[in-house]
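Residue-level structural notes
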Amino acid sequence: MLTSFRWLQELCPIEADVREVAHRITQAGLEVEAIEEKGANLSGLVVAEVRTRAPHPKRDKLTLVTVFDGEAEHEVVCGAPNVPEPGGRILFARPGTILPNGLRIEPRKIGGVESSGMICSEAELEVGADAEGIFIVDAENEALPGDEVADALDLHDFILDIGLTPNRPDCLGHVGIAREVGVLFGKRCEPRRAAGPRRTFAAGASFQADQPTTDLVPSWDGESEPVDAPALPSISIEIADGDRCPRYGAALVSGVRVGPSPFWLRYRLHNLGLRTLSNVVDATNLILLEWGHPIHGFDLNRLRGSKVVVRLARKGETMATLDGIQRTFTADDLLICDGEGPVAVAGVMGGADSEIRDDTKDILIECAYFAPRSIRRTSRRLGLQTDSSHRFERGVDPEAVPRVLASAASLIAELGEGASATTAIDRVAMAYSPKSISFRPARAAGLLGTPIETEESQRILEALGCRLIEKTDSAFTLEAPSWRPDLGREVDLIEEVARVRGYDEIPTAVPRVRPSESGTPEVLRFISALRTAAVTAGLYEAVNYAFLSVEELQKARVSTDVVALANPLSEDRSAMRTSLMPGLTGAATRAQRHGATEVRLFELARTFHPSDDILPREDTTLAIVLAGDRSGWIGGDRPFDFYDGRGLVEAILDRVIGQRSDFTPGEVPEFMHPKRSAIVSLAAREVGFVGEIHPDVGDALELHGRVVYAEIDVAALHVVTEELGTPQGHALPKFPAVTRDIAMLVREEFTAGEIATALSEASGGLAESVHLFDLYRGDQIPEGQRSLAFRVTYRDPESTLTDKRVDKAHAKVAEVARDRFQATIR
Amino acid sequence: MAEPDAVQTFEDGLTKIRGAYEQALRDATDEPELRLVNGRYVGPQGELTKLLKLMPKLPGDRRRELGQRANALKQEIQTTFDVVLDGIHRRARDAELTGPSLDVTLPGRWPMPGRLHPITRIRNEVLEILVSLGFDVADGPEIELYENCFDKLGFPPDHPATDEHDTFFIEGGKPSGPHSVLLRTQTSTIQVREMSRREPPLAIVSPGAVYRRDDDATHSPMFFQLEGFLVDTDVTFAELKGVLTLFLRRLFDEHVAVRFRASYFPFVEPGGEVDMSCVFCRAWEGDKERTTACRVCKGNGWMEILGCGMIHPVVFENVGYDPEKYTGFAFGMGLDRIAMLKYGIPNIKLLYDNDVRFLSQF
């Protein structure tokens, strides 16, 4: 909400300067996001008088003008079509002056004639939008040549940009902000009466006899001249849906001349971010910015049947709005209709057919209260957010209708030189009843943690407009003001007291936090430990968006049974990931594109899967990718392969579980290499997989070389850790171990793991460990075979082993190697 | 069978060895050479060893005496060997200790660890502080019911308060209403979930991913928040101020000033926003010039850091707590923003690019 500090000062005269006001209202919840000073960037620009005016000798469209700036005459070439007669006053930039846009005015030749200075338009001075012609100082303005423009035109102001929270519709107009400033600075600033129209008439037959009316005169200051009632059609207002339109008022202004607005009005609207159109439309906008209450002007003579009906649309009904777009409505949209059809979308935008035009003479001014939800739904559905809908959907003041009508009628009559009816129709379908709220000072003190004098609370609440109904020792009952729809229960009033006093007034205290029974779930600590383990093992953590495209999932050959977004930002991010693989390998692909030679990444995040429950299933997974070369010591780099992945997974699991994991061939996802991947299990439970990515998938993902990928299912892993429990200590062995080696030639199809397991079992429980210490293929080894050498460590926990026992066990081990694996013992 | 010559040979041998061994051993310049020379006397084929093999041929009356002499000689050789070897070792060590240094600029050989993502890092820092104050950590789904994200938190239906929560909805679910399914827009959903299943006292913090349909230079459609709340009898706004002031000072700097101002979130009242003095220009130090030039706080010395307030009674009513019996406070912050402030990260997009050149900075 752009706010004029000048206007605030008019509505609430206080001593404080703009920075102090900005600070106080910010602290109280009206956050001032920026302050812009107006009129300060016009230094050096002066009013000047036209002395002579002659055509340019060479160029048709240019004029040679001599101006007097209070000190000297300057000859200027001017391109504007509206240079005034000698004696007229204009705004002049002397040579050397810097315009608000940063342009420095220098003498220069235009069509062979030296021009020293520039006669300025509104737009060039950034005080308005008009760039068509130069600005001509009003005859009534008493400015003299040489006067500074900012002073002469009264341009000094500060514009505050206030970021309003949606609970404060009362501050969507200057009257409301002034009221708030008044409360904070201890000065009562209730809205004042409007100046009042110069000419008025009695509505009489202009309103149909059954119409309820309200007298506008008490809201006007000053004397007015009564004139004869113009001959106007007799109007009626009918509300067909009182829930959605509890109140609808209409004032009447007759005999207006639609034309340009005076400069002060255009300047104010310009500073507050609104375009200027015509005096009547500008007036409705000014009333909106003053009261925060949108009004709408209808050309009375274009209202068919001289009636206004507020009703719900019929499904499929259409109307062109002011912006020229044909709109189609549903039965949930509230319309303002005349005798034949819709003329406005209630609270959102007027219709094109009944809008104010240059030839409009008589105006019906609407000021209503519409139900906020209704306006919001229509505005959303139409994708049409206007200054009007913005206010109605937050809730305007239903009780302000007569005063706003009085102000609007007065201003429009004055600017358009018309006459206003002294009464207005005020149809109330559902009367406003103030909310009565009980306030307990002890409760306020208890919630805020600081005692507050009862009198102080009462003073603050009454200053805000609450009306005291009843007061007892322990509580008082108040009625909230009609402009504060956000005040409905005690805590709302407690907040008011707290924020008006200032949150700084509340002391700080550190609570004693009582421990809860359940504490932090173990799995969250476990996840944190997994991350630390992954980093310790050498991985960098990645965080990817949780949504991507189905194509990406397809390309990665992961599940496309997705949870899809109904309203994605783009097709690229329309499906929730079913796997971390596409995102994480994507990071690897980009890293390789950047020339990274070694990529080591992990991500620990959720994947999403449709389920039979109302909410999808969310799985937490640890995913790992290794790509490029594993760096060795000075030039010892070599490409990552399966064993790097396996070692990494072992290291991570060992760190968090304290137990060695098993790697066995098995069914891995389709995107993994069928021959270079393994299932990871712990304590005989599957917890994930590791291996190399299928080369075809790697190509599709634009990865280079062998890329290692692993996934660990965090939930499964957590189950295993729970089962395994806490590691238990054992005494160290008392008796020495004996080691024996066994080397063998064996066919490739037998895995080292299964051989080791078999050898261990063959030892009759005597083997403490079987450890592969050598592997050899190549020279002197038959095709399809390899040489494996195991070191078997024998130990009897109860006695010292004799050679004889070891020999016997080792012979069994060799026998199994020969018999079961057809190994040749070397 | 004694051989008279044997005695002569034996004695000659001892004499010869005695005359030569010491010089020979001392002449050795390194350990292998020393061991080679030593072997010539006492190795398996060494001269002294060979002599000792003659022992049986010596006459019985001399055998003992000659044997003792030979063994004494062997002992002397061993002693000399030890002395020379010590000398060689000492010289080698002195040479290393006084000679040229190792090229310590060559790379280390131990594998390097990776790094945590800055979001994880800041989450850990934040949790460490709050957990030390007694808060438990909780977690909840990222895909949520409308009612948990909005209705139960006191967002009125069709209310502009939802404007800041431009929401992603899930296809196939109900298009609207309390059971429509969406990506949570805030971690405040945890308030509803935890309060619905537990009784006070509750002190909980919950970090996690949230989603909003914003994607521009300063917004990411997925980002991270952390929600904290405390519910018990007699919890006060003063305590909210105390906890957050302490938290921010521990997280950033013990000198930061903290300022609370009124604001609005449907699920808290009184509601507020917290500003702290700018940590970039270190505004608390009072260097006006530095603060004026600061691009982060734009010269005003303050930065918005989090939202907070007393839990609204409507939230308690929605989860079945008695608002007359319990009070509580809640606060929420964007972890991305805190990470960006604390680690000086210039652009939110860097957080989700996963560029190792960026990730390795933390």
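To keep things clear, this report deals only with the structure shown in the data block. These numbers come from a predicted model, not from an experiment.

Thoughts on the pattern of salt bridges
Residue and element names in this part refer to chain A.
- Under the criterion given, the structure shown has 97 salt bridges over all chains.
- The shortest N-O distance in the salt bridge between Arg257 and Glu417 comes to 3.1 Å. Of this pair, Arg257 sits in the loop between strand E15 (247–254) and helix H6 (263–271) while Glu417 sits in the loop between helix H10 (401–416) and strand E24 (419–421), and the two are 160 residues apart along the sequence.
- Residue Arg257 is classed as exposed on the basis of its relative accessible area of 55%.
- With a relative accessible area of 46%, Glu417 lands in the partly exposed category.

Describing the sheet that holds strand E21 (residues 342–345) of chain A
Residues and elements named next belong to chain A.
- If you trace the 5 strands from one edge of the open sheet to the other, you get E14-E17-E20-E21-E22, paired in mixed fashion. The sheet terminates laterally at strand E14 (236–239) and strand E22 (349–350), the two strands that pair on one side only.
- Two elements, strand E17 (residues 307–312) and strand E20 (residues 334–337), share 4 bridges in a ladder whose sense is antiparallel. Bridge pairing in E20 places Leu312 opposite Leu334.

Quick word on the sheet that holds strand E1 (residues 2–4) of chain A
All names here are of chain A.
- Across the sheet, 3 strands lie side by side as E1-E10-E2; this open sheet has antiparallel pairing. Single-partner strands in this sheet number two, and they are E1 and strand E2 (31–38). Neighbour to neighbour, the strand axes of the sheet diverge by 25 degrees on average, direction disregarded.
- Pairing of E1 with strand E10 (residues 157–163) involves 3 bridges; the strand directions are antiparallel. The residue bridging Leu2 from the neighbouring strand is Asp161, located in E10.

Concerning the interface of chain B and chain A
- The partner chain A presents 78 residues to the 92 residues of chain B that form the contact.
- Counting the surface lost from both chain B and chain A, the interface buries some 7600 Å², and carbon and sulfur atoms represent 58% of this.
- On inspection of chain B and its partner chain A, the count reaches 12 salt bridges.
- The interface formed by chain B and chain A contains 48 residue pairs in polar contact (both at pLDDT 80 or more).
- The leading source of residues in the side of chain B that touches chain A is helix H8 (residues 237–251) of chain B, at 8 residues.

About the thresholds
Residues numbered from 1 in each chain as written. Chains lettered and ligands numbered in written order. Predicted model: local features only at pLDDT ≥ 70, side-chain atom pairs only at ≥ 80, totals over all residues. Heavy atoms only, no water. Salt bridge = Lys/Arg side-chain N within 4 Å of Asp/Glu carboxyl O. Helix = DSSP H or I, 4+ residues; strand = E, 2+ residues; numbered from the N terminus. Buried < 20%, exposed > 50% of the residue type's maximum accessible area, 1.4 Å probe, protein only. Pairing = 2+ DSSP bridges. Axes fitted to C-alpha atoms, helices over the stretch in contact; angles between N-to-C directions. Contact = heavy atoms within 4.5 Å. Buried area = accessible area lost by both parts, 1.4 Å probe. Polar contact = N/O pair within 3.5 Å; in protein donor to acceptor, adjacent residues only side chain to side chain.

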